[in-house]
Structures are given as C-alpha cells and as structure tokens.
Amino acid sequence: MATAKNPQTRRIIPFVLIIASFCSLARARIIYVDNDAPGTNDGVSWADAYLCLQDALAVARSGDEIWVAQGIHRPDEQFVIVTRTGPQVVGSGDRAATFQLRDGMAIRGGYAGFGEPDPDARDVRLYETILSGDLNSDDGPAFANNAENSYHVVTGSGTDATAVLDGFTVTGGNASDASHGGYGGGMYNNLCRATVTNCTFSGNCATRGGGMANTGDIRILFGPTLTNCTFRGNWARWGGGMCIWQYCG
C-alpha cells in the first residue's frame, strides 16, 4: 500500500531553502581599507578601516568585497604597532609577500575614503589606489634602487573568474629568476582565470612579463580576463608589458 505524503514537509522545504539563501547573503560584507583611518582599524567602516590590505585579505571570505581607499599599499605591510602617536604600519621587507587573489572575492580600489565629503565616491583616476612593490620607497628612474622590490605585487594563480581585481595601479614589481623563473613583476598568474578591470600596470620589471605573466597548461584554457586595463613603462627580457607562456606536464 502506498504511503501518504506529508503536506507539511512540502511546505517546509521551500522555507528552509529561503533561510539558507538569506544566511548566505548575510555572510557577504564590505571590508574597508584606508591607511588614513583613525578608528579601531577592524575594517567595518571607512573611519575604522584596516590600515593594511593584507589584514583585510586575512579575514575576507568568499562573497566579500574589499574596498580600498586612495593611497599606496604594499604587500609586506601587515604588522601594526601602537605608539603614543597611534598605530604605525611596519613592513616586513619580505620580497615574496604578494597580494593573493581568491575565488569569490572582489578587491576594488579608487575610493575617496575617510575624510572626504563622500567616502564611497569612486574614481580610479582621481582617487588613485596604488599597489606598490617598492618596499623601501626609494625607487628611482629606469628601475633604480629596485633590488629589494616585491617579486610579484599581485598573484592570481589558481583562481577562477569570481576572483576580481578592479581599479588599481600596480607598480614596482621586480620578478627576478629567484622567483617562479622570473615571471610577472606586476602580476603573476599560473592557471588563472581571474577578472582584472580598470587597472594600470606600470613601472614593473621581470625576466618574463614585466607588467604581467600568465602561465598554464596548453590542454586547458587559462589566463585572466582583462577589461579597460593599461600597460605602460614596464620592462622584461621577454614581454615587457605581458608574457603568455604555455606548457604541458
């Protein structure tokens, strides 16, 4: 004999799905980064923004967006000490430090930030947000004094299209042969399908791909999607602006 269906069960299932969807949306958040923020530096607002982008990356989850205000942000800056004059950012000097993209997470620059009439105002030229590999802040013309610079300012390796970099100037990368074969001073991407939008890559150098290097397996599609991006003033032995290097294992 067939078992009668429970009508209450049919009504509960959609309700459970709605609750699950709502919880998923509730987890997504905006995390703020502004090196002028005077507050608690926990990323919940422009006034309380993280001082260092690395600190925001450390707590971000899939679905989050990181909004970064105008200014210069370096990948080795993630240590903050408190002095009588307030928090002070201390760089580690680690050339291997990099801003690593992650699936499901967008990093957006070009915001006015704390102290501006509208902190949420966004203009990537007016409020230039710089990701710099110049760890000592001493670079000169023609790549002078860049021996200590980051190997890769940004890394997109292993990400899909939901990893987003939007609205930055990426500069000061120096990919020597000591790191990943000298690929990608500005941005290094191995098996990467990230989304890169409204970005400028300038003043980076490498053996291969000064501004950006994309490597991957010829048996699968790879490489980020670039929209409205500019490459200028980069240098490399092969591919000053960009190097695309395919290989198979």
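Thresholds, definitions, all that
- Residues numbered from 1 in each chain as written.
- Predicted model: local features only at pLDDT ≥ 70, side-chain atom pairs only at ≥ 80, totals over all residues.
- Heavy atoms only, no water.
- Pairing = 2+ DSSP bridges.
- Helix = DSSP H or I, 4+ residues; strand = E, 2+ residues; numbered from the N terminus.
- Buried < 20%, exposed > 50% of the residue type's maximum accessible area, 1.4 Å probe, protein only.
- Polar contact = N/O pair within 3.5 Å; in protein donor to acceptor, adjacent residues only side chain to side chain.

Draft legend 1. Local environment of the pairing of strand β4 (residues 77-83). Here six bridges tie β4 to strand β5 (residues 86-91), and the two strands are oriented antiparallel to one another. Opposite V82, over in β5, you have P87 as the bridge partner. The loop that links β4 with its antiparallel partner β5 comprises two residues.

Draft legend 2. Up close: the pairing of strand β16 (residues 205-208). Sheet topology note: the strand β12 (residues 174-175)/β16 ladder contains two bridges and is parallel. Within β16, the position partnered with A175 by the bridge is A206. As paired strands, β16 and strand β20 (residues 235-238) are joined by three bridges and run parallel to one another. Bridging across to β20, C205 finds its partner in W235.

Draft legend 3. Spotlight on the environment of D64. Tracing the chain through its elements places D64 in the loop between α2 (53-59) and β2 (65-69). With relative accessibility at 1%, the residue D64 sits in the buried group. The sequence separation of D64 and R29 amounts to 35 residues, and the corresponding C-alpha distance is 4.9 Å. For D64, the side chain forms a polar contact with the main-chain nitrogen of R29, separated by 3.0 Å.

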